[in-house]
Amino acid sequence: MICEILSVGTELLLGQIANTDAQYLSRRLSEYGINLYRQTTVGDNPERVKQALSEALARCDLVITTGGLGPTEDDLTKEMVAETFALPMELHQPSLDALTQRMNRLHPGKPLTPNNLKQAYFPKGARILPNLCGTAPGCVVEAEGKAVAVLPGPPRELKDMFEHALEPYLREKTGAAIHSRFLRIFGVGESRVEDMLLDLFHLGSPTLALYCGAGEVQARLTVCLPHGQDPAPILDPVEAEIRSRLGDAVYASGRDETMPRAVLRMLEEKNLTLAVAESCTGGMLASELVDCPGASKAFREGYVTYTCAAKARVLGVPQDILEGPGPVSAPCAQAMAQGALRVSGADYALSVTGVAGPDGGTEITPVGDVFLGLAWAGGSQVQEFRFLGDRSWIRTLACVNALNMLRMHLLSRN
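Cut-offs applied
- Counting starts from 1 at the beginning of each chain's written sequence and moves along it residue by residue.
- Thresholds applied to this predicted model are a pLDDT of at least 70 for local features of residues and 80 or more for the giving and counting of side-chain atom pairs; totals over whole chains, interfaces and linings are not thresholded and use all residues.
- The basis for every side-chain value is the complete set of non-hydrogen atoms in the structure, without hydrogens or water.
- A run of H or I in DSSP counts as a helix once it spans at least four residues, and a run of E counts as a strand once it spans at least two, with each numbered from the N terminus.
- Throughout this description, buried means an accessible area under 20% of the type-specific maximum (1.4 Å probe, protein chains only), exposed means over 50%, and partly exposed covers the range between.
- One requirement defines pairing of two strands: DSSP has to find at least two bridges between them.
- The axes are straight lines fitted to the C-alpha atoms, using for helices just the contacting stretch, and the angles between their N-to-C directions are given from 0 to 180°.
- By the convention used here, residues are in contact when the closest approach between their heavy atoms is within 4.5 Å.
- The term salt bridge refers to a side-chain nitrogen of Lys or Arg lying within 4 Å of a carboxyl oxygen of Asp or Glu.

**What to know about the environment of Leu87**
Tracing the chain through its elements places Leu87 in the loop between α4 (77-84) and β4 (89-91). A relative accessible area of 24% means that Leu87 is categorised as partly exposed.

**Re the sheet that holds strand β6 (residues 127-129)**
If you walk across this open sheet you meet the 6 strands as β2-β1-β3-β8-β7-β6, and the pairing is mixed. Single-partner strands in this sheet number two, and they are β2 (35-42) and β6. Ignoring strand direction, the axes of neighbouring strands in this sheet form an average angle of 15°. Alignment of β6 against strand β7 (residues 138-143), held across 3 bridges, turns out to be antiparallel. Each residue of the ladder has a partner; that of Arg127, found in β7, is Val140. Strands in contact with helix α3 (residues 46-59) are β1 (2-8), β2, β3 (62-66) and β8 (146-151); relative to β1, the strand with the most contacts, it is inclined by about 170°.

**A few points about the pairing of strand β17 (residues 379-386)**
For a regular strand, side chains alternate in direction, first toward one face of the sheet and then toward the other. Where strand β16 (residues 369-376) lies against β17, 8 bridges are found, and the strand directions are antiparallel. Bridged to Ala375 within β17 is Ser380. Where β16 hands over to β17, the hairpin turn is made up of 2 residues, of which Gly378 adopts a positive phi near 95°.

**Overview of the pattern of salt bridges**
For the structure shown, the criterion picks out 18 salt bridges. In this structure, Arg127 and Glu172 form a salt bridge, with 3.1 Å as the shortest nitrogen-oxygen distance. One end of the pair, Arg127, is in strand β6; the other, Glu172, is in helix α7 (residues 155-173), with 45 residues separating them in the sequence. Ionic pairing is found between Lys297 and Glu268, a salt bridge with its closest N-O pair at 3.7 Å. Of this pair, Lys297 sits in the loop between α11 (284-290) and β14 (299-304) while Glu268 sits in helix α10 (residues 259-269), and the two are 29 residues apart along the sequence.

**Focus: unusual backbone geometry**
A cis amide bond links Ser205 to the next residue, Pro206, at an omega of 0°. Tracing the chain through its elements places Pro206 in the loop between α8 (190-196) and β10 (207-212). Residue Pro358 is reached from Gly357 by a cis peptide bond, and omega for that bond is 5°. As for its placement among the helices and strands, Pro358 is situated in the loop between β15 (348-354) and β16. The phi dihedral of Asn271 is positive, around 55°, even though this residue is not glycine. Considering the arrangement of structural elements, one finds Asn271 in the loop between α10 and β13 (274-278). Residue Asn271 is classed as exposed on the basis of its relative accessible area of 68%.

Below, the structure is given as structure tokens:
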């Protein structure tokens, strides 16, 4: 099955909101072996929506539209689908009843306005997709050997409708599913990874592809199989071979397995705790840790010591270090980590100090110069990095490299 996504909304064209709907749909469609060839975005203009829909239907089997299901005058996606297939609009009484009940709960005693009523009308013969999170149901229209699935624009509503209503339809229509497995690799560049895995790119099944992230590479293994067939016998041997070649550079398996999650899991498994002391990252490292559910099992506390005075007062960094090597130096990073370890009572402490830019760099400590410290009972270490990029990128790389520094130390203790 060949599919296209048609996103409707002037706010998307103007860049006022990000099109996360298309990103979500792209990922989910691949799970059903559906080939997504194109994404199109049009504004809330009836004729342009109709033209884009007709062009998409000429190229593919299934079009999924997002947006344009609301009650206002410019929400006309369903109507344009009906016109494209020369179908009349019909009232769907169960949808009207559900809409009435929902509006009565939200606005007791107030009747539905005429524009609300339009949300209960659909192209004749459409398969209704209930909206459990909002007022606008979606639908699937099939005609002339083609299909159009009409979904709402709000991401929460779209995701729920896909999972509970559109997914069963897709399962009926497709006999295959695409299974992907992601291996996350840190400390080895993309070109080097490709060189080390070159023969694995020509296996046929599974296929192997590489993607770059913040200081890391993701290797994606993909295989297309009939519904219900276990992909593990095909994916497991190739994953094992990749891990054998790359070793500890492979830090996690899974699209959502980030470096903070991996490190927190390692700490939790060993019943160890962590504190962090930050300067140029300004709390970003702590934030990335607490973004992970259950972080409190291992993450104890964090300190943002942005100035020399704060480094001395909170972490006890000696004045001769601050005035000598300076706040952006290996001795300062070491003292910050040791101070955070002492003050927090944690098993480990990480520190970050550097010049994130765009100003503040010197010939000795240019923009991008970052020192990372790690301290534990009885020892400490410091690493220096020279990162390239803007302020945000430098801070991001500092955080992920600090966590990897701890990860590699924990592996060495095994």
